[in-house]
Amino acid sequence: MKEKNSRLETLKLLISSQEIGCQEDLLKALAIEGFHITQATLSRDLKQLKVAKAASINGKYTYVLPNETMYKRVPSPRTAREMMKVSGFLSVAYSGNMGVMKTRPGYASSIAYNIDNGGIEQILGTISGNDTIFIAFKEPYDKDEMTQRMQNVISQM
């Protein structure tokens, strides 16, 4: 499942950073990134991501993602691996035995997964949306200690 999530994230980044108009080109781009999959798997991934084709500025039809601000095309694209190194973490705030973490759009579920699997016993669990994570802590807990322990799990926090 981890490989599929990584592949889907790479697929989003490829579609958002390049004008790709056919599945064959997408398969080649994924292969360059280390994902060797069949056309049928790619088709299922595109359906799951709700990818569509739309006319680009030059009139060619290219793959586009649904309205996700994180995945807008950029003028000088970087490789998907370079883009995946950027942390999606923005901020965290605490109240009582709860924490609310803000992330860049699309990053919350993967960061919540890392928190849940980070071995922090004071964390009861997380609930994530698109750009927000709710964190429930066991009481008593120390906010500074929790921030430090989550920094060990989340890069660039």
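Preceding this paragraph is the structure being described.
Below you will find a few notes about this structure.

Rules of the game
Residues numbered from 1 in each chain as written. Predicted model: local features only at pLDDT ≥ 70, side-chain atom pairs only at ≥ 80, totals over all residues. Heavy atoms only, no water. Helix = DSSP H or I, 4+ residues; strand = E, 2+ residues; numbered from the N terminus. Contact = heavy atoms within 4.5 Å. Areas by Shrake-Rupley, 256 points an atom, 1.4 Å probe, with all protein chains shown as cover. Pairing = 2+ DSSP bridges. Phe/Tyr/Trp six-rings, centres within 6.5 Å; stacked < 30°, edge-to-face > 60°. Buried < 20%, exposed > 50% of the residue type's maximum accessible area, 1.4 Å probe, protein only. Lys NZ or Arg CZ within 6 Å of the ring centre and 35° of its normal. Axes fitted to C-alpha atoms, helices over the stretch in contact; angles between N-to-C directions. Parallel < 35°, antiparallel > 145°, perpendicular 65-115°, else oblique. Nonpolar A, V, L, I, M, F, W, Y, C, P; charged D, E, K, R; others polar.

## Thoughts on the overall build of the chain
For the chain, the count of helices and strands is six helices and six strands. A fraction of 54% describes how many contacts in the chain between residues 6 or more apart in sequence connect residues 24 or more apart. When the accessible surface of the chain is totalled, it reaches about 9,300 Å², and 52% of it is carbon and sulfur.

## Some remarks on the pairing of strand β6 (residues 132-137)
If a strand is regular, its side chains alternate between the two faces of the sheet. Pairing of strand β4 (residues 98-103) with β6, which is carried by five bridges, proceeds in the antiparallel orientation. Among the inter-strand pairings, K102 is bridged to a residue of β6, identified as T132. Where strand β5 (residues 123-128) meets β6, five bridges bridge the pair, whose relative direction is antiparallel. Residue pairing across strands places I127 opposite F134, the latter belonging to β6. Between β5 and the antiparallel strand that follows it, β6, lie three residues.

## What to know about the packing of aromatic side chains
Evaluated as defined, the whole model comprises three aromatic pairs. Ring geometry for Y94 against F137: centres 5.8 Å apart, planes inclined by 45 degrees, an arrangement best described as tilted. Of this pair, Y94 sits in strand β3 (residues 89-95) while F137 sits in strand β6, and the two are 43 residues apart along the sequence. The buried category is assigned to Y94, whose relative accessible area is 19%. For F137, a relative accessible area of 1% puts it in the buried group. Their ring planes at 50 degrees and their centres at 6.4 Å tell us that Y94 and Y141 sit as a pair that is tilted. With Y94 in strand β3 and Y141 in the loop between β6 and α6 (143-153), this pair connects stretches of sequence that are 47 residues apart. When sorted by exposure, Y94 lands in the same class as Y141, which is buried. Each member of the aromatic cluster is reached from another via a ring pair, and the members are Y94, F137 and Y141. Looking at K53, its charged tip hangs above the ring of Y63, at a distance of 5.1 Å from the centre.

## Focus on the packing of helix α2 (residues 23-32) against helix α3 (residues 39-48)
Look at α2 against α3: their axes get within 10 Å of each other, and the N-to-C directions meet at 100 degrees. Overall, the two elements α2 and α3 adopt an arrangement that is roughly perpendicular. Of the residues in α3, those touching α2 at Q23, L26, L27 and L30 are Q39, L42, S43 and L46. Considered class by class, the residues forming the contact of α2 with α3 number five nonpolar, three polar and no charged.

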